[in-house]
Amino acid sequence: MAGFEGFEDRHKEVFREEARELLSELEGSLLELEEDPENTELIERIFRAMHTIKGSGAMAGFDEIVSFTHELETAFDLVRDKKVPVTKELIGITLTSRDILRDMLEGTAGSSAGQAAQEIISNLKHIIPEFPCSGSKKVQPHGINEKALCLPGEEKALTYRIRFRPNQDIFKIGTNPSFLIDELRALGDCMVIAQIDSIPVLSEFDFEACYLYWDFILTTSHGVNAIKDVFIFVENSSELKIEVIDDGLSQSPDYKKIGEILLEKGDVSAEDLRKALRQRRNIGSIMVESGLVEQGKLTSALAEQQYIREKRKQFKEAEAAASVRVPSRKLDVLADLVGELVTLQARLNQFSLTENDSELVAIAEGVERLTDDLRENIMSVRLIPISTVFSKLKRVVRDLSSELGKEIELEIEGGETELDKSLIEKISDPLMHIIRNSIDHGIEPPAGREALGKPRKGTIILHVFHSGASVLIQVRDDGKGLDAEAIRTKAIDKGLIPPGVEIEGKDIYQLIFASGLSTANEVTKISGRGVGMDVVRKNIDALRGTVEVESWKGKGTCVTIRVPLTLAIIDGLLVKIADDHFVIPLSIVEECVELTRSETVGTNSRHIANVRGEIIPYIDLRDIFGIGGTPPEIEQIVITQTDGRKVGFLVDSVVGETQTVIKALGSTFKKVDWISGATILGDGTVALIIAASHIMKLWEEQGAQRTACKAE
Amino acid sequence: MGKTVLIVDDSASMRQIVSFALKDAGFDVIAAVDGKDALEKLNAIKTEMIITDLNMPNLNGIELIKQVRQTTGHKFTPIIMLTTESQESKKVEGRQAGASGWIVKPFTPDQLLGVVKKFIR
Amino acid sequence: MSVPGITHTSQYLTFRLGDEVFALDIIQVREVLDYTTLTKVPCTPDFMCGVINLRGSVVPVVDMRLKFGMPKTEKTVSTCIIIVEIKTGDEHIIIGALADSVQEVIDLDPGGIEPPPRIGNGLKVDFIKGMGKRNEKFLIILDIDRAFSDKELSEMETDFGIGIPSGGAEESGNKKAVHGDLAGQ
C-alpha cells in the first residue's frame, strides 16, 4: 500500500479542484449573505464549505490551509449559533480570507499568504470578542490512539486479565464481537474463555442480542492503550475490565490459588470462598457443585492459573538463555584491564599531541572514544541495584524493633538505583549500623511516641538517589533526634573539643563520628557491639565517600552518605608541588584561588585564606609532606568541601582535570591513610591521590598536639 | 469478490481518498455525495459497511445513520463516522443514532483500515 | 656445615650494595629493572624511596642500603631495581629493592653455605640467611621475607612535618629530624 506521502500526492490535485469549486461557492454565498444576513441556510452552506476544505485539506496535506480554515470555521460556528451577528466587516474579512485561501491553494503567494492569514485572524479576534483564546487548536492527527499502531517496541511484555462483557445490543450498532476478539488476539499470546452463563432459556432468547461474554488472558508488549483501542467504539456501552496480573518480574513459577483468582475477579464472595475452603478438598469443584460459581468461571480461573505458570516458565527459560552468569572476579579483571587501557590511552593522547602528527592525533582520538565507551560499558555491567542489600536491612529492622519493643516501619525509596558491585558490598555494613542506631537510639518506644503526639509506629526512610557522579543514601528517622548538649558535654569530656570553644549546629552533630563518642547512657545489646559511628565514618572514607548528619530535636535525624558511583575510576584534579604530582578528587573540589607570597605575610602559622569574604583555613601540603624547595611566587589554593566543611590545600600549581584510574597502594602503605591510592599519569609516572578528609583530621589532631607542645 | 463499502461525503477528494485506500485493501467501494444519495445507493447495491461524513447537504450524517438503522437489511450494518476533532458532541449524537465507530480526520490509509477491520474482513 | 632450610642447590642473583655483595634466591626475584622515575610518598620513612609504575601496578621501592643501615644509595648508571616477591604472613607482596648494581646468577650447593655469623659487620643478622662463598669472596645470602616483614615496613605510621618532633632534637620538629631517626644514623 502507498505510504502517507504517496497517498497525499495522489489526492492533492483532486483536492485543489474541489477546493476551487468550494471557494467560488464560498464567494457566492458570502455575497448573497451580505444582502440577506439572516439567512441561516446560507450561513450553513458557508460553514459546510469551510468544514469540507478543512477536513479534506487535512487529508491531502494542506496544513497551512487547514489551520487557517479552522479559525474561519470557528468564527462561523459562532455565527451559526447566533452568538455573533453577520456584519459587513465580517463578510469583508471573510472574502479576503477566501482570496488568501486561494493563494495558498495555488501556491502563488509564497510565505506572504501566511502573514496575511495571521492579520486576518487577529482582525477576526478583534471584531469577535467571543473568539476562543486558544486560537488554532492543534488538530490531533489520528482518530485512534497512535500507540496502537506502533510496532512492538522495547516495552515490556505484561500479562493482562481482561473481561469483556458487551452490551446485549452490540449487534445493533453493527459490531461483531468476534472481530474484536480476533483483534485482541493479534496483540500477543492470548487465551480466550467464553462465558455462557447469561444465555437465557430458549423461550426468552432474543436472537438479536449478545448474551456471551469473554475472559481473556493476554500477554502483550503493546501496552494497555492498545487493548483499550480494540474496544474503543464499545467501551462506553460495555463492561470492560483490564488488569495486569503478571509483570514478568516474578521469579516464582507458582501463581495464585484458584480461590484467590476467583475472589480477585469478583466471581465469588470472600464468605463463600471461606466456606468452601473449610472443606479442604479441591476448591474449584466444591464451589461448582455447591453452585457458588459457574463452571465457566472456574474454567477461566483454571486457565489463567495454567497460563501464567506456563508464561513464567517460558520467561525463566528465555531469561536464562538471554543472560550469562559470570564470576564477579572476572569482571574485576576486566575492569582492571580497562583501567590499564585508559592509562595507556592517556599516554597515547599526550604523545600524539607532542608529535604534532594529525593522523596520529586522529587515531588517538578514535582510541579515546572507544576506550570511553568500553569503560562505560564495563562499569555498567558492574552496576547492580542497591536493593540487593535491602532484604538484609528489612530483616534487621524487623528483628531489632521487636526485640526492643518498638514499632518501626522501613520505607525504601530508590531501591532500583544502581551502584558498583564492590561498593554495594562495602556500603552494607555502615548502612546497617546507621539503621541500628536509628532503631536503638532514634525511634522512641510506642508509648513514648504517643505521649509526644507522634504516631505509635516510627518510620525509617531509606532514600537512595543519584546526584551527579555520586550516589546519595539517606537514612531518615522520625525519632527523638540527637541531643546536641549531650554530645557537646561528652566531646569536651573526651577532649575532642577544648572547653569554651563554640561549635555550632551541624558541626556538633558531626562529632558523633569522632572515635570514642557514644552518648548512649545505657549500653544495649545493639549499641554495645564495639562499633561506633567512627567505624561508619572510616568505612565510608575508605570508599572515598562522605557522611553527614542533620538532626532536629524531637523530630528526627537524617544521615546522608555520599559515595562515588564507581570505585575504579574518578575524575581528579591534578596538582603539582615541586616535581611531584598529586590528584585531588574532583568531587570535593569547590574552586581554586591564587595565593601570592605577599598575602601570606603576617598570617604566621595560621593558614587562613579570605575567599570573597569567607574565611577558609588551608593546609600547606608542601609543608606537611616535607617537600623541600621554594614555593613559587604565586601558589594555588584548592578549596575543597568535605563533611560540610571547607578547607583549602596549598599547592604550587594546578595542572588540570584528569580521569583517574585508581590503583591500590598495597598493604605496605595501609597505615598511610591520608593517601587513598595512586594513579598512573600519561607519562607513566605515578601520582598519589589525596584523601582530603584524613589529612584534615590529622592536621587538626597534630595541630592540637603542636599547640600543646609549644605551650610547654 | 470483496465486501462492499459505501462512502458518503460531499467532498470529492474525501471520497477519492477513502475509496482508494479501501480498494487497495481489496474492498469494493461505492460512493454517495450526501445522505439522500446514500439511501438510494443502499437500496440499489448490497452494502456491507457505510462510512459517512457528518456535515452534508440534503440529509446530514446523523440523520442518515438513523434512517439506515430503520432500513431493512441494515440493522446490523457497521457505520463509521468521519469526524473532526472539533465535533466531540457529534460523536455522542452519532453513537446514539446507531453508529458503530468513528475516525477523526485527518487519517492515514492504515488508520482507516484499522477501524474498518474492526467490523468487516 | 649447613644452614637449616637450605637443602638443595639453588640459583642466586648476586647484587652489590656499597662494597658488599648480596645474594637472593632466584625464586623470589621477579625481574630486574633499570632505575626509573620514583614517586616519593611523603611522610614515610627514608628507606621507602617511593613507588613506581610496574606495567600498571603501583609497586613500592625500598632503598636496601638505608634498610641495612648503610649510607643512602646514590643513583648511578648501574643503579637498578630488583623486583622481589615476599611473603609476610599470608600475603604475597611485590616490592622493588634498590641496588647499586646487579651482577650475575650463580649456583650454590647447600654445602657451600654457612650460617650467618653471630656477631658481624654491623648488618642486622636477622636478615641474613647464610653466607655463601664465590671466588674466595663472601656473599651475604638475604632472607628477604624477614627483611621486609618487620613492622617497620608493613605498618608505617604517618608522620607529618607539622607533627611533634619524635626525637626532640630540633624544636621546630620538621621533617629532617623525623627522618634522621628512622635512618638509624
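Notes on the structure follow. (Residues numbered from 1 in each chain as written. Chains lettered and ligands numbered in written order. Predicted model: local features only at pLDDT ≥ 70, side-chain atom pairs only at ≥ 80, totals over all residues. Heavy atoms only, no water.)

Points about the overall build of chain C
Counting its regular elements, chain C contains 4 helices and 10 strands. For chain C, the α and β elements follow one another from N to C terminus as β-β-β-β-β-α-β-β-β-β-β-α-α-α. Across chain C, the fraction of contacts at a sequence separation of at least 24, relative to all contacts at a separation of at least 6, is 55%. As displayed, chain C offers around 9,200 Å² of accessible surface, 47% of which is attributable to carbon and sulfur atoms. (Helix = DSSP H or I, 4+ residues; strand = E, 2+ residues; numbered from the N terminus. Contact = heavy atoms within 4.5 Å. Areas by Shrake-Rupley, 256 points an atom, 1.4 Å probe, with all protein chains shown as cover.)

Section: the interface of chain B and chain A
Contacts between the two partners involve 42 residues from chain B, matched on the other side by 45 residues from chain A. Buried area between chain B and chain A, both sides added, is near 4,000 Å², and the carbon and sulfur share of it is 61%. Together, Pro 106, Gln 111 and Lys 118 of chain B form the three largest contributors to the area buried by chain B at its contact with chain A, with a combined 18%. For the pair chain B and chain A, the number of links is 2 salt bridges. For Glu 208 of chain A, the salt bridge is made with Lys 75 of chain B, and the minimal N-O distance between the two is 2.8 Å. (Buried area = accessible area lost by both parts, 1.4 Å probe. Salt bridge = Lys/Arg side-chain N within 4 Å of Asp/Glu carboxyl O.)

Quick look at the packing of helix H15 (residues 421–442) of chain A against helix H19 (residues 533–542) of chain A
Residues and elements named next belong to chain A. Orientation of H15 relative to H19, taken along the N-to-C sense of each, is 150°, at an axis distance of 9 Å. When the axis of H15 is compared with that of H19, the two are roughly antiparallel. Between H15 and H19 the crossing geometry is left-handed. Contacts between H15 and H19 involve Ile 427, Pro 430, His 433, Ile 434 and Asn 437 on the former and, on the latter, Met 533, Val 536, Asn 539 and Ile 540. Classifying every residue of the contact of H15 with H19 by side-chain character gives 6 nonpolar, 3 polar and no charged. (Axes fitted to C-alpha atoms, helices over the stretch in contact; angles between N-to-C directions. Parallel < 35°, antiparallel > 145°, perpendicular 65-115°, else oblique. Left-handed = near helix turned anticlockwise from the far one by under 90°. Nonpolar A, V, L, I, M, F, W, Y, C, P; charged D, E, K, R; others polar.)

A few points about the packing of aromatic side chains
All names here are of chain A. Under the counting rule described, the total for this entry stands at 9 aromatic pairs over all chains. Residues Phe 15 and Phe 62 carry aromatic rings whose centres are separated by 5.0 Å and whose planes lie at 35° to one another, so their mutual orientation is tilted. Separated by 47 residues along the polypeptide, Phe 15 in helix H1 (residues 4–35) and Phe 62 in the loop between helix H2 (40–60) and helix H3 (63–80) bring together distant segments of the chain. Members of the aromatic cluster, joined through ring pairs, are Phe 164, Trp 214 and Phe 231. When the ring centre of Phe 62 is taken as reference, the NZ or CZ atom of Lys 12 above it lies at 5.6 Å. (Phe/Tyr/Trp six-rings, centres within 6.5 Å; stacked < 30°, edge-to-face > 60°. Lys NZ or Arg CZ within 6 Å of the ring centre and 35° of its normal.)

Focus on unusual backbone geometry
Each neighbour pair has its own omega, and for Lys 105 of chain B with Pro 106 of chain B the value is -5°, a cis peptide bond. Even without glycine at this site, Ala 578 of chain A takes up a positive phi of about 50°. Within the secondary structure, Ala 578 of chain A is located in the loop between strand S12 (569–577) and strand S13 (580–585). We classify Ala 578 of chain A as partly exposed; its relative accessible area is 32%. (Buried < 20%, exposed > 50% of the residue type's maximum accessible area, 1.4 Å probe, protein only.)

Thoughts on the sheet that holds strand S1 (residues 10–17) of chain C
Residue and element names in this part refer to chain C. Reading across the sheet, the 5 strands line up as S8-S1-S2-S10-S9 and stay open at both edges, with mixed pairing between neighbours. The sheet is open, and its two edges are formed by strand S8 (101–108) and strand S9 (128–134), each paired on a single side. Strand-to-strand twist across the sheet, computed as the mean angle between neighbouring axes with direction ignored, equals 35°. (Pairing = 2+ DSSP bridges.)

Topic: the sheet that holds strand S3 (residues 49–53) of chain B
Residue and element names in this part refer to chain B. Across the sheet, which stays open at both edges, the 5 strands sit in the order S2-S1-S3-S4-S5 with parallel pairing between neighbours. Of all strands in the sheet, those bounded by a partner on one side alone are strand S2 (28–32) and strand S5 (101–104). Between one strand and the next, the sheet's axes are offset by a mean angle of 20°, whatever the strand orientation. Where strand S1 (residues 4–8) lies against S2, 5 bridges are found, and the strand directions are parallel. By the bridge assignment, Val 5 is partnered in S2 with Val 29. Those strands touched by helix H1 (residues 12–24) are S1, S2, S3 and strand S4 (79–83), and its axis lies near 170° from that of S2.

Let's talk about helix H5 (residues 109–116) of chain B
Of all 8 residues that make up H5 of chain B, 6 are buried, and the element is covered over most of its length. Inspection of H5 of chain B places Pro 109, Gln 111, Leu 112, Leu 113, Val 115 and Val 116 of chain B among the buried residues, and these make up the whole buried set.

Some thoughts on the environment of Ser 237 of chain A
Looking at the element boundaries, Ser 237 of chain A is found in the loop between helix H7 (224–230) and strand S4 (239–246). Considering only alpha carbons, one finds Ser 237 of chain A and Ile 170 of chain A, 67 residues apart in sequence, at a separation of 8.2 Å. Here Ser 237 of chain A is in contact with Asn 167 of chain A together with Arg 95 of chain B, once residues within four sequence places are set aside.

Quick word on the environment of Ile 363 of chain A
Relative to the elements of secondary structure, Ile 363 of chain A occurs in helix H13 (residues 358–382). Residues Ile 363 of chain A and Asn 349 of chain A, spaced 14 residues apart in sequence, show a C-alpha to C-alpha distance of 9.1 Å.

Some remarks on the pattern of salt bridges
Residue and element names in this part refer to chain A. As enumerated under the stated definition, the model contains 39 salt bridges over all chains in all. Asp 215 serves as the salt-bridge partner of Arg 163, at 2.7 Å between the closest nitrogen and oxygen. Of the two residues, Arg 163 is situated in strand S1 (residues 158–165) and Asp 215 in strand S3 (residues 213–220); the sequence distance between them amounts to 52 residues. The exposure classification of Arg 163 matches that of Asp 215, with both residues buried. Here Lys 646 ties to Glu 614 by a salt bridge, and the two come within 3.3 Å at their closest N and O atoms. Of the two residues, Lys 646 sits in strand S18 (residues 645–651) while Glu 614 sits in strand S16 (residues 614–620), which places them 32 residues apart along the sequence. What emerges from the salt-bridge pattern is a single network uniting Glu 13, Arg 16, Arg 20 and Glu 106.

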